[in-house]
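Coordinate analysis (summary)
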Amino acid sequence: MTDPTIDTPEPRRRISLTAEDARTKRRNAAEKRFRAYGIAAIATGLFFLVVLLGAILSNGVGAFQQTFIKTEIFLDPAKLDKKGNRDIEEIKKVSTFGYTPLIQDALFAQVTALGIQTPLDSSKDMKALISASAAAQVRDVVIADPALIGQTVEFRLLAASRVDGYLKGRVVREDVARDKNIDAEHLDLTDALVNTGVIAKEFNLDFILGADASESRAEQAGMGVAMLGSLFMMFVVLALSLPLGVAASIYLEEFAPKNRWTDLIEVNISNLAAVPSIVFGILGLAVFIQFAHLPQSAPLVGGLVLTLMTMPTIIISTRASLKAVPPSIRDAALGIGASKMQSVFHHVLPLAMPGILTGTIIGLAQALGETAPLLLIGMVGYIATNYPDGIAAGFLSPNSAMPAQIYEWAKRADPAYYERAWGGIIILLVFLLTMNIIAILLRRRFERRW
């Protein structure tokens, strides 16, 4: 008999494996939220990237176009060669002040011949339309070919910065009343000359290949000399940081004993990779310029400073590439009779080469965009107006670099330099993008499977 008062346990409820319970639903919902957060983060990053690139392009594309004036100039022998003997030394004595009236007279005569109505009734009023560099441009042509004196020659001259800004929308009529360099009558004349084709915007190759200019000649400034300075600096960085960084990495990873000294070295290398770049600039100023008396603002000094800054990055990336090679590769090489050095240089190093090259190029790209170290060694304040005379001068003569040139343009008062600073950023980004593409191609080219 059984006691009817004793409770019998209820049967356990069966749970289907194909149906979601409450806990599974909460877990799946949390996973969906996490995916949504990730997608939102990526979308936000892409949005700001598009905004940044749009701002760079919209502000910098104008630097690759420049306004030019086409006019025929009579090279008056009475002013350029008074003695008439075509002596080049006598011709060189005529400064740009002797050429300026010829340019102004030619442009005023062209305005008159086209029948353009303007209250500007003197050739001197044409000065506001013409770049201050135009006289030097005509003078260089005459010195290169004195036989042109006495002839009427067509020239393509740079327009003034304000005229260029007006055609690009940088200068508006409302601001002209406060501008001492140009007035509304000049803008009316500019519109008339644009309609006749005398003034036109064209592609400005000199912005890419030209040299820097003074603050009064913003329309003439170019990035070419600074690009060459960056190139010489990268040669120094590559020649020093790659062999020293790879050699140090191989020793620390493959040959150095594991003790407190190597641990201390590894910690210091990691710390050096996180040191602000301006600290390396101070070190370069103290060691290379004040102690070693190397020339200030020289690409050689800039390259040495950037080498110190880049080497920890190369060492860290190289050691990571060496660690990624399986130990079985080393064991197999040693097992068939290879020495430790042979196993490293014949087997491990070739397999780690893609990562080493990638880390090196990324380190060079980082060094290419640095400004703070160059500021300390004087490359920011130097105006790079001339190309170096040779290879030695390229390393030892004062020069600038692309990031330093951009910084210098951004702090100048003329809005045309602000536009050129954005254009310089575009050129710098093209260089950085090219270096990263090369890193990807080299990695795929030398990558090996094991």
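I will try to describe carefully the structure that is included in this document.

Conventions we followed
Residues numbered from 1 in each chain as written. Predicted model: local features only at pLDDT ≥ 70, side-chain atom pairs only at ≥ 80, totals over all residues. Heavy atoms only, no water. Helix = DSSP H or I, 4+ residues; strand = E, 2+ residues; numbered from the N terminus. Salt bridge = Lys/Arg side-chain N within 4 Å of Asp/Glu carboxyl O. Buried < 20%, exposed > 50% of the residue type's maximum accessible area, 1.4 Å probe, protein only. 1 Å grid on protein atoms, 1.4 Å probe; cavity = no way out; pocket = protein on both sides within 12 Å on 5 of 7 lines; lining within 4 Å. Points joined across faces, edges and corners; volume = space filled by probe spheres on them. Nonpolar A, V, L, I, M, F, W, Y, C, P; charged D, E, K, R; others polar.

1. Here we look at unusual backbone geometry
The backbone of His293 shows a phi angle near 60°, a positive value even though the residue is not glycine. Relative to the helices and strands, His293 is located in the loop between helix 12 (277-291) and helix 13 (299-324). The phi dihedral of Ser297 falls on the positive side, at around 65°, and the residue is not glycine. Take Ser297: it is sitting in the loop between helix 12 and helix 13.

2. Here we look at the pattern of salt bridges
Here the structure, examined in full by the defined rule, presents 20 salt bridges. Salt-bridge contacts for Glu90 lead to Lys93; the nearest nitrogen and oxygen are separated by 3.6 Å. The partly exposed category is assigned to Glu90, whose relative accessible area is 24%. According to the relative accessible area criterion, Lys93 is exposed, its value standing at 62%. As a salt-bridge pair, Asp212 and Arg412 come within 3.0 Å of each other at their nearest N and O atoms. Of this pair, Asp212 sits in the loop between helix 9 (206-209) and helix 10 (224-255) while Arg412 is found in the loop between helix 18 (402-410) and helix 19 (415-446), placing the two residues 200 residues apart along the sequence. Judged on exposure class, the residue Asp212 and its partner Arg412 are both buried. What you see here is one network of salt bridges that share partners, running through Asp164, Lys168, Arg170 and Glu419.

3. Thoughts on the layout of surface pockets
Here the largest pocket is characterised by a volume of approximately 580 Å³. Looking at the largest pocket, it is lined by 22 residues, and the ones nearest its centre are Lys127, Ile130, Ser131, Ala132 and Ser216. For the lining of the largest pocket, the elements supplying multiple residues, two or more each, are helix 4 (96-113), helix 5 (134-144) and helix 6 (161-167). The element that contributes the greatest number of residues to the lining of the largest pocket is helix 4, accounting for five residues. Taken together, the residues that form the lining of the largest pocket break down as nine nonpolar, seven polar and six charged.

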